[in-house]
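A look at the structure
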Amino acid sequence: SEKFKFRANPSAVRKQYGLRDDSPVLLVLSGGFGMGPVAEILTELDKVKKQFQTLVVCGRNEKLRRELAAQDRQHPTHVMGFTTNMHELMAVADLIITKPGGLTSSEAMALGKPLFILNPIPGQEAANSDFLLERGAAAKVNRVEDLPHRIEQSLGSRKLAEMAKSARALGRMNAAESVCREVLKRM
């Protein structure tokens, strides 16, 4: 979308959501995840010892938003419903945890954000994630239980910085088009 061509103002977005400047931001996108997995993701994130804060986008799933908002977390967590400012949320994120739907991937690449891809489903999403994994812009997490360990390893690491750099490079190549072309080739 056009919005991704405009630079968001990260410090304004951080202020808006009461996010700290000295702590990484994890963005969890529930798009296409049912009720279970998002709650499981947050439960697993509680086990991470390193400091971070989480933004969770539940989309139009109001029941999920209410349930998650009512739970206590180890890390500062902001649970949101449907949002029209995804580009701003992505702009402040250090890492995005998602399923590798085409839109999320190309938007994240446009902003140079690394993705943690959770158990991609075969077909379209697998092709998408293979493309990103091969180019070093994403990491695959096969089981939700593996998240804490992978996040511990990644936060503040050189690996995460390298993933962001790869994502930026892909984003500059006009990621949406190249991802689509690549995926079509593989079908």
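Residues numbered from 1 in each chain as written. Predicted model: local features only at pLDDT ≥ 70, side-chain atom pairs only at ≥ 80, totals over all residues. Heavy atoms only, no water.

1. Considerations on the sheet that holds strand E1 (residues 25-29)
The strand order across the open sheet formed by 6 strands is E3-E2-E1-E4-E5-E6, and the pairing between neighbours is parallel. Edge positions in the sheet fall to strand E3 (77-80) and strand E6 (138-141), since each has one partner strand and no second. Sheet twist, expressed as the average angle between the axes of neighbouring strands with direction ignored, equals 20 degrees. Looking at chain direction, strand E5 (residues 115-118) and E6 are connected through 4 bridges and run parallel. The partner of leucine 115 across the bridge, within E6, is alanine 138. Contacts from helix H7 (residues 147-154) reach E1, strand E4 (95-98), E5 and E6 within the one sheet, and its direction differs from that of E5 by about 170 degrees. (Pairing = 2+ DSSP bridges. Helix = DSSP H or I, 4+ residues; strand = E, 2+ residues; numbered from the N terminus. Axes fitted to C-alpha atoms, helices over the stretch in contact; angles between N-to-C directions. Contact = heavy atoms within 4.5 Å.)

2. A few points about the pattern of salt bridges
Scanning the model with the defined rule gives 10 salt bridges in all. Where glutamate 44 meets lysine 47, a salt bridge forms, and the shortest distance between an N and an O atom there is 3.1 Å. A salt bridge links lysine 63 to glutamate 67; its shortest N-O distance comes to 3.7 Å. One end of the pair is lysine 63 and the other is glutamate 67, both in helix H3 (residues 62-69) and 4 residues apart, which spans about a single turn. Bridged by salt links that share partners, the residues Glu62, Arg65 and Arg66 form one connected network. (Salt bridge = Lys/Arg side-chain N within 4 Å of Asp/Glu carboxyl O.)

3. Observations concerning helix H8 (residues 158-172)
In a regular helix each residue adds 1.5 Å, so 15 residues correspond to 21 Å; H8 covers 21 Å between its end C-alpha atoms and thus fits that length. Buried residues of H8: Leu160, Met163, Ala164, Ala167, Leu170 and Gly171, and no others. Buried positions in H8, seen along its axis, are confined to an arc of 125 degrees and lie on one side of it. Every exposed residue of H8 that faces more than 90 degrees away from the buried side is listed here: Arg158, Lys165 and Arg172. A distance of 3.3 Å separates the backbone nitrogen of lysine 159 from a side-chain oxygen at the start of H8, and that oxygen is part of serine 157. (Expected span 1.5 Å × (residues − 1). Buried < 20%, exposed > 50% of the residue type's maximum accessible area, 1.4 Å probe, protein only. Arc of directions from axis to C-beta. Polar contact = N/O pair within 3.5 Å; in protein donor to acceptor, adjacent residues only side chain to side chain.)

4. Describing the pairing of E1
Within E1, 5 of the 5 residues are buried, which leaves the element mostly enclosed by the surrounding structure. Side chains Val25, Leu27 and Leu29 project from E1 onto one buried face, and the interleaved Leu26 and Val28 project onto a second face that is buried too. Where E1 meets strand E2 (residues 53-57), 5 bridges bridge the pair, whose relative direction is parallel. Residue pairing for E2: leucine 27 is matched across the bridge by leucine 55.

5. Some points on the environment of leucine 68
Within the fold, leucine 68 resides in helix H3. The buried category is assigned to leucine 68, whose relative accessible area is 2%. Distance in space between the C-alpha atoms of leucine 68 and alanine 39 is 6.8 Å, their sequence separation being 29 residues. Each residue touching leucine 68, except ones within four places of it in the same chain, is listed here: Val38, Ala39, Leu42, Val56, Cys58, Arg73 and Val79.

6. Some remarks on the nonpolar core
By size, the foremost hydrophobic cluster in this structure holds 26 residues, and its most contacted members are Leu27 and Leu55. Elements supplying a minimum of two residues to this core: E1, E2, helix H4 (86-92), helix H5 (102-110), E5, helix H6 (124-134) and H8. With 4 residues, the single largest contributor to this core is H4. Not counting chain neighbours up to four residues away, the residues in contact with leucine 55 comprise Tyr17, Leu19, Val25, Leu26, Leu27, Val28, His78, Met80, Leu89 and Val92. Ranked by size, the runner-up nonpolar core spans 25 residues in total, among them Leu26, Val79, Ala139 and Ile151. (Core = buried A, V, L, I, M, F, W, Y, C linked by side-chain atoms within 4.5 Å.)

In short, the description is geometric, and any link to function would need to be established separately.
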